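Residue-level structure breakdown
Letter by letter, the chains look like this.
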Amino acid sequence: MAAVTYDHVVKRYTADVTVVKDLNVDIKDKEFMVLVGPSGCGKSTALRMLAGLESITEGQIRIGDRVVNNVAAKDRDIAMVFQSYALYPHMSVYDNMAFPLQMQHMKKEEMDKRVRNASKILGLDPFLKRKPRALSGGQRQRVALGRAIVRSPKVFLLDEPLSNLDAKLRGQTRIELQKLHRELETTFIYVTHDQVEAMTMGDRIAIMNAGILQQVGTPGDVYDHPANLFVAGFIGTPTMNFVPVTTSDSTAKASGFEAKLPKSVPAGKGTLGFRPEALTDRPSADGSNLQMKVDVVERLGSDQYLYGQVGSDQVTARVDPRMKVAPGDTAQLGLDTRSIHLFDAESEAAFF
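Residues numbered from 1 in each chain as written. Predicted model: local features only at pLDDT ≥ 70, side-chain atom pairs only at ≥ 80, totals over all residues. Heavy atoms only, no water.

1. Re the side chain of Q141
Here Q141 lies in helix 4 (residues 137-149). Owing to a relative accessible area of 1%, Q141 belongs among the buried residues under this scheme. The residues contacting Q141, other than those within four sequence positions of it, are V81, F82, Q83, Y85, P161 and L162. (Helix = DSSP H or I, 4+ residues; strand = E, 2+ residues; numbered from the N terminus. Buried < 20%, exposed > 50% of the residue type's maximum accessible area, 1.4 Å probe, protein only. Contact = heavy atoms within 4.5 Å.)

In structure tokens, the structure reads:
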């Protein structure tokens, strides 16, 4: 197995088009690392450079202690699972999984052992004689994973592998992938634009935007301590509330309320961030209270979301589902200031 290092990696197509800008990430041996960000942020390009499917303009990529910039893709000891499955339609499940081993001229006995072991891990034994067209989307994805497993690579690369599955199957396959990672004890690098996948699957998350790495950390780190406004808005569902404020010492004043800050900051303008769960139907002990004119109420059984106006700002609150509230009501809410964030108005970096 192996660690992976991106060392000042750049991918430039033309003088005016740079899709990955000075990427520096150390991925630990046996870690499940997720590269996440919006479409076009450079995450898939970063993965394809590691796989040898894209050239590297500047910097180095290392697998273990080996620099692989000029190593052919087939010699990097990695296996990649694509969004499109990329199965051979005329081959059975068994033959699809065995194909990469046939290309290595592996002995038939060893090849059969590896295919059947992967099939057992993935629950594919009943389908080994079927063609891909006779499988469901989830089963096809497992075959694609099996084709990677049989190679026993140092690193697994997964490029949005769940995008073609329905919501229920995505949830089930997320769990299967985490179990698979623990069983194989191999380095996984997973690319997705879905922050829910990132938060639920990754040991750590690397968040990218416009080709630039924004933050690397555990799911808890990036959720509780976002480095900047982009990370704060990208991670979390529903998204964090952002309200323009004027700060003075340890107070932030918005158009419809004032909030006590956990520490003093320079006087000026900024953006106050707080997640929907930071608002409750109980008054705040420090007087950081607000009135919401409720526009929409969403009841989801265990949760209740309120969407409405606080002063001139649109705000979302997650409140007790037993709270009695209807559209048009004015809800009295308290803000838990232990969970707030303040961002610089110009740089968008987090003060806290």
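2. Describing the nonpolar core
A general tendency of soluble globular proteins is for nonpolar side chains to be buried together. Among the nonpolar cores identified, the biggest contains 44 residues, and M97, V115, L158, L177 and Y190 are the most heavily contacted of them. Counting 29 residues, the second-largest nonpolar core is a separate cluster that includes L261, L279, V297 and A331. (Core = buried A, V, L, I, M, F, W, Y, C linked by side-chain atoms within 4.5 Å.)

3. Some points on the pattern of salt bridges
Counted according to the given criterion, the structure contains 12 salt bridges. Here R114 ties to E110 by a salt bridge, and the two come within 3.1 Å at their closest N and O atoms. Here E110 and R114 lie together in helix 3 (residues 108-122), a separation of four residues that amounts to about one turn. Residue class for R114 comes out partly exposed when judged on its relative accessible area of 24%. Notably, a salt bridge pairs D303 with R318, separated by 3.8 Å at the nearest N-O pair. With D303 in the loop between strand 14 (289-299) and strand 15 (304-310) and R318 in strand 16 (residues 313-319), this pair connects stretches of sequence that are 15 residues apart. The class of D303 is partly exposed, set by a relative accessible area of 23%. (Salt bridge = Lys/Arg side-chain N within 4 Å of Asp/Glu carboxyl O.)

Everything listed is a geometric property; what it means functionally is a separate question.
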